[in-house]
Amino acid sequence: MPLPLTRLYHQLGPEQKITEHQWDVYDFARTIPCGRVTTYGALCKALGKGSPRSVGSALRRNPFAPFVPCHRVIASNLYIGGFFGEWGTLSSRKDAASGQMCQRKIEILAMEGVEFTSDGYLADKNLIWRG
């Protein structure tokens, strides 16, 4: 079976190794439609391997954003989850500098029509995409 076209055209530096699992996560994340989200656990289950943490780890290292829309993956409890290695919203953090990346994730998703409550939870469960 040939590799998906995207794997053939992306050349990275020698220090940026991408594992087979990471490629699988990135390929699946590309199928999440604009205006919808899925969870780390659902993505893991759809792949049939790994764990929600391994999915989050792959997405944290995503060198293809926004082509691979890692912002469309949230926590299984429908919390905003992480973004660029940061977990949680501004209101959930004691450090004022923390939470800015997740706030950006909320803003990006809002532009796509996905809203979150003030405490960082998905407002409309009908926007969950199961693939």
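Small disclaimer: the values here were computed from a predicted structure and weren't measured.

Criteria and thresholds
- Just so you know, the residues in each chain are numbered from 1, in the order the chain's sequence is written.
- Local features in this predicted model are restricted to residues of pLDDT 70 or higher, and side-chain atom pairs are both shown and tallied only at a pLDDT of 80 or more, whereas totals for entire chains, interfaces and linings draw on every residue.
- Heavy atoms throughout the structure, all of them, feed into the side-chain values; hydrogens and water do not.
- With a 1.4 Å probe rolled over the protein chains alone, any residue whose accessible area is under 20% of its type maximum counts as buried; one over 50% counts as exposed, and the rest are partly exposed.
- Only runs of H or I of at least four residues qualify as helices and only runs of E of at least two qualify as strands under DSSP, and these elements are numbered from the N terminus.
- pLDDT runs from 0 to 100 and stands for how confident the predictor is about each residue.
- It only takes one pair of heavy atoms within 4.5 Å for two residues to be counted as in contact.
- What makes a salt bridge here is a side-chain nitrogen of Lys or Arg within 4 Å of a carboxyl oxygen of Asp or Glu, nothing more.
- For this analysis, a polar contact is any N or O atom pair within 3.5 Å, provided that within protein one partner can donate a hydrogen and the other can accept it, and provided that sequence-adjacent residues contribute only side-chain to side-chain pairs.

All right, on to helix 2 (residues 20-29) then. Judged by how many residues are buried, helix 2 sits mostly within the fold: 9 of 10 residues are covered. Along helix 2, the residues classified as buried are His21, Gln22, Trp23, Asp24, Val25, Tyr26, Asp27, Phe28 and Ala29.

Considering every residue of the protein, the mean pLDDT works out to 85; 81% of them sit at 70 or more. Per-element confidence in the protein is highest for strand 1 (residues 38-39), whose mean pLDDT is 97, and lowest for helix 1 (residues 5-9), whose mean pLDDT is 54.

By the secondary structure assignment, Met101 is in helix 5 (residues 100-111). Separated by 17 residues in the primary sequence, Met101 and Phe84 have C-alpha atoms spaced 6.6 Å apart. The residues touching Met101, leaving out its near neighbours within four places in the chain, are Phe83, Phe84 and Glu86.

A few words now on the pattern of salt bridges. In total, this model carries 3 salt bridges according to the counting rule given. We note a salt bridge from Asp24 to Lys49, for which the minimum N-O separation is 2.4 Å. Taken together, the residues Asp24 in helix 2 and Lys49 in the loop between helix 3 (40-47) and helix 4 (52-60) connect sequence positions 25 residues apart. By relative accessible area, which is 17% here, Asp24 ends up buried. Exposure remark for Lys49: the relative accessible area of 35% places this residue in the partly exposed category.

So, about the environment of Asn77. Of note, Asn77 is situated in the loop between strand 2 (73-74) and strand 3 (82-83). It is 9.9 Å that separates the C-alpha atoms of Asn77 and Gly41, two residues lying 36 residues apart in sequence. Polar side-chain contacts of Asn77 include one of 3.1 Å to the backbone nitrogen of Tyr79.

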